[in-house]
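Notes for the structure review
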Amino acid sequence: MANNAQAWRAGQHPGYEETAWAGIQQTIDVIAQKGIKVVINGGALDPKALALRVQDLVSEKDLNLRVTYLTGDDLYDRLGPNMPRSKEELLHLDSGNPAVVLSNLTFAFLNNPELAPVPMVSAHAYLGARGIVDGLRRGADIIICGRVSDASPVVAAAWFWHDWTETDYDRLAGALIAGHLIECSAYVTGSNFAGFDQYPLENLVAPGFPIAEIEADGTCVITKHEGTQGMVNVDTVRCQFLYELQGNIYLNSDVTAHIGDITVEEAAVDRVRVSGVTGSPPSPTTKLAVFYRGGYEAELLLNATGYATSQKWDLLERQIRYFLPRDVQDELETLEIGVPALNPVCQSESTTYLRIFSASRSAGPVAAVSKAMKDISLKHFSGFHTTLDTRTSIPRPFLAYYPALVNQSDLTESINLLEGNKTVSFDTGHPRQYKPLAGRESYDPDHTVPFTGDSKSLRLGDITLARSGDKGGNLNFGIFPKAKEQWSWLRSYMSIARMRNLLGQDWRDEYHIERVEFPRIQAVHFVIYGILGRGVSSSSRLDGFGKGFADYTRDKVVDVPVDVL
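Let us look at the structure shown here. (Residues numbered from 1 in each chain as written. Predicted model: local features only at pLDDT ≥ 70, side-chain atom pairs only at ≥ 80, totals over all residues. Heavy atoms only, no water.)

This brings us to the sheet that holds strand β20 (residues 464–471). With respect to topology, four strands assemble into an open sheet ordered β20-β21-β23-β22, the strand pairing being antiparallel. On the outer flanks of this sheet lie β20 and β22 (512–518), each paired with one strand and no other. Across this sheet, the average inter-strand angle for adjacent strands is 15°, counted without regard to direction. Against the sheet, helix α8 (residues 234–241) engages β20, β21 (474–481) and β22, with an angle of about 30° to β20. (Pairing = 2+ DSSP bridges. Helix = DSSP H or I, 4+ residues; strand = E, 2+ residues; numbered from the N terminus. Axes fitted to C-alpha atoms, helices over the stretch in contact; angles between N-to-C directions. Contact = heavy atoms within 4.5 Å.)

Laid out in structure tokens, this is it:
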């Protein structure tokens, strides 16, 4: 959405997702024939534009379908066109957590106040399900949304179907987690699955899409379309549940889900039952995704081969800093990627990369890195070489992400029904009650289990599965044992100090770690605050979305008691 926002305001982009329009075109006849209710967030920046186009299609085909669209998420006109001049004007999402120290980079738009204001690109609040439910109750068949939370369409479908009230918090919370489990397409049916290597690869080429069957009490069964590839089992569901969490509380605009006692059980082949989720009133605030013009960035990938590789990279880094003007970059990072093989059988086995990443408010300082490389030129180390494609070394503009908070009471959300040539709009109101957030739970094991006798060294991934992902500038990581007999050892082993130790050289003292447990699914979960920098597309990390972190951790060699094995 942010990438398209500037073009949309300039009249150079339709504002909605073209794939959403293509999907509706392909299915509109079946939707009408079978009376299917459709809720889609493909309206993106301009849900009205997509709704009008769908209405034209419905009229052209003379179908009996009522089209509506949801508004109220776009706050650019209220907050823009520039970023605020102080932290207090737009509170950061983690500002209420006293244990978290936000880096200066988080507030990069406040740096260099003598420069011109930083242009805001987009500002969208995460809406819940209430507006969608209102539209469905008014007879809508197709509802086009902009920025709603990923799970909101699923919550709304169950809320409407079972005719819940807005204070049926346990039921709403169960539907929220059902939506969380299927929101990432095939992630719960075998894609991005840590245990994929234990299954035939030909069954994972094109995993099918998931389905959540939500009961009247809010419990659900996760399944998939029959005859499709992939699988739904306890492990795929546990992995997806642990994805992009931020502890044992899951927030939404309509309900706060308490997930510490979640239970995941096999019901049948490709059918997994999920229960144990409870709910309470929502927080008075909701998430606000703000993007702004972060400046310019560039990346260089350089190669070194074979003998004395570490000294080669040491020399090059010294040369870059020698030829580079002082204090010109907001960010300048170097990262060695790979380790030369011992006694390699081909040159590629002996070759590693050095990644040089730079970013700044203006293009000049970023371009200075490439200029420094030209100054090094024929002064380089033995065997220096690089790829022929140097486009990434040219400074390019990038958008930076700032996750903020907005009061739900300050939002004006409307459901808009298209009726012939006119639009009838209804204010969908606000939640009946709120419950302020308490401090996030974080704790080490309540007791450590003494293990005696022999131990065996093996990779952590030999006995565990895991999933990791991003929550803005934070990284979340959940891990559980493959065998239930190893749970006592794993929960004792995976302490906060252990997690810090497993981070190795990636650990920084300004980071903060939170830890909770999900005993009924035998999982330990961590949030590592600050490790992804500004987060999303503006993270300077090679793994900017944190997806590779779980398998990095599972590759660590640890000592496990033989009795546990």
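Next comes the rest of the description.
Another point: the packing of aromatic side chains. Applying the stated criterion across every chain yields a total of 16 aromatic pairs. Relative to Tyr511, the ring of Trp507 has its centre 5.8 Å away and its plane inclined at 85°; by these criteria the two rings are edge-to-face. Neither residue differs from the other here; Trp507 and Tyr511 are each classed as buried. Look at Phe549 and Tyr552: their rings are 6.0 Å apart centre to centre, the planes differ by 50°, and that puts the pair in the tilted class. Of this pair, Phe549 and Tyr552 both sit in helix α13 (residues 549–554), separated by three residues, roughly a single helical turn. By relative accessible area, which is 3% here, Phe549 ends up buried. Members of the aromatic cluster, joined through ring pairs, are Phe107, Phe109, Tyr292 and Tyr402. (Phe/Tyr/Trp six-rings, centres within 6.5 Å; stacked < 30°, edge-to-face > 60°. Buried < 20%, exposed > 50% of the residue type's maximum accessible area, 1.4 Å probe, protein only.)

The contact between helix α5 (residues 130–137) and helix α6 (residues 152–161) brings their axes to 8 Å, and the two run at 45°. Classified by the angle between their axes, α5 and α6 sit oblique to one another. The two elements α5 and α6 meet at a crossing, and its hand is right-handed. Between α5, through Arg130, Ile132, Val133, Leu136 and Arg137, and α6, the contact on the second element is made entirely by Ser152, Pro153, Ala156, Trp159 and Phe160. Residues that form the contact of α5 with α6 fall into these classes: seven nonpolar, one polar and two charged. (Parallel < 35°, antiparallel > 145°, perpendicular 65-115°, else oblique. Left-handed = near helix turned anticlockwise from the far one by under 90°. Nonpolar A, V, L, I, M, F, W, Y, C, P; charged D, E, K, R; others polar.)

Moving on, we get to the sheet that holds strand β8 (residues 256–258). The strand order across the open sheet built from three strands is β7-β8-β11, with neighbouring strands paired in antiparallel fashion. Pairing within the sheet leaves two strands with one partner each, and these edge strands are β7 (249–251) and β11 (278–280). Each strand of the sheet is rotated relative to its neighbour by a mean of 30°, with strand direction disregarded. Across three bridges, β8 lies against β11 in antiparallel orientation. Bridging from a neighbouring strand, Thr256 pairs with Ser280 of β11. Across the sheet, helix α7 (residues 169–182) touches β7, β8 and β11, and the angle it forms with β11 is around 115°.

A word on the pattern of salt bridges. Within the structure shown, the criterion is met by 20 salt bridges. The shortest N-O distance in the salt bridge between Lys371 and Asp375 comes to 3.6 Å. Placement of the pair is Lys371 and Asp375 together in helix α10 (residues 363–376), with a separation of four residues, close to one helical turn. For Lys371, a relative accessible area of 54% translates into the label exposed. What you see here is one network of salt bridges that share partners, running through Asp446, Arg491, Arg515 and Glu517. (Salt bridge = Lys/Arg side-chain N within 4 Å of Asp/Glu carboxyl O.)

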